[in-house]
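These are the residues of each chain, in order.
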Amino acid sequence: MQNNETVNQLSKLILQKYSSSKLLTLVAISGAAALGKTTLAVALKNNITINTEKIIDILPTDAFLMSRNERNFRKISGYDPRATNIDKLCESVGCLLEGNSVSFYPYDHYAGNTTRQLVTLMSSDILILDGIHSFHSKLRGLMDLKIFLDAKRDVAIKLRSIIDTNQRGYSY
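Source: prediction; values computed, not measured.

Enquirer: Explanation requested: the overall build of the protein in the structure shown.
Expert: A count of helical and extended segments in the protein gives six helices and eight strands. Along the protein, helices and strands appear, N-terminal first, in the series α-β-α-β-α-α-β-β-β-β-β-α-β-α. The long-range share in the protein, meaning contacts at least 24 apart out of those at least 6 apart in sequence, stands at 70%. Only carbon and sulfur atoms are counted for the fraction: they give 50% of the accessible area of the protein, which is about 10000 Å².

So this is what it looks like as structure tokens:
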């Protein structure tokens, strides 16, 4: 299936889930690192924004990730739920579900910590929760739609290597 066709079909599915009787439709995109979760989230946001009057935003779970130095010190990876402030993430999702705004500092994978640029999300019609821990058990029941990205092991390893060297400053 072509990428544009996939985005169009997922956009239609999201809009079907959208219900004006509730404040917010919550969509989660999860999967291993470097598989394109953020790319898909942005493509869905752009497609839905262009084709409807719906307000759609993206909340990256990485904004709640502890710094790389702290994870290394604790000997845990970003896949470990302890590396993410799940309670703060849940609080932020709850605020958005109630129609309130939230502010966060995006995570910079190259630097290994959050940026100093505060981002504020206002209440929207559709919220995409983007990240490895977006299916966490504390959040799962809130989702209207869950999208899981997967790839064959060799493809996932190659994609991760490309992202790590080109966008995160790693060398192998």
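Enquirer: I'm lost on the layout of surface pockets in this one. Help?
Expert: Approximately 260 Å³ is the volume found for the second largest pocket. Residue lining of the second largest pocket: Asn-3, Thr-6, Val-7, Leu-35, Gly-36, Thr-39, Leu-40, Ala-43 and Leu-149, and that is the complete set. Class assignment for the residues of the lining of the second largest pocket results in five nonpolar, four polar and no charged.

Parameters and conventions
Residues numbered from 1 in each chain as written. Predicted model: local features only at pLDDT ≥ 70, side-chain atom pairs only at ≥ 80, totals over all residues. Heavy atoms only, no water. Helix = DSSP H or I, 4+ residues; strand = E, 2+ residues; numbered from the N terminus. Contact = heavy atoms within 4.5 Å. Areas by Shrake-Rupley, 256 points an atom, 1.4 Å probe, with all protein chains shown as cover. 1 Å grid on protein atoms, 1.4 Å probe; cavity = no way out; pocket = protein on both sides within 12 Å on 5 of 7 lines; lining within 4 Å. Points joined across faces, edges and corners; volume = space filled by probe spheres on them. Nonpolar A, V, L, I, M, F, W, Y, C, P; charged D, E, K, R; others polar.

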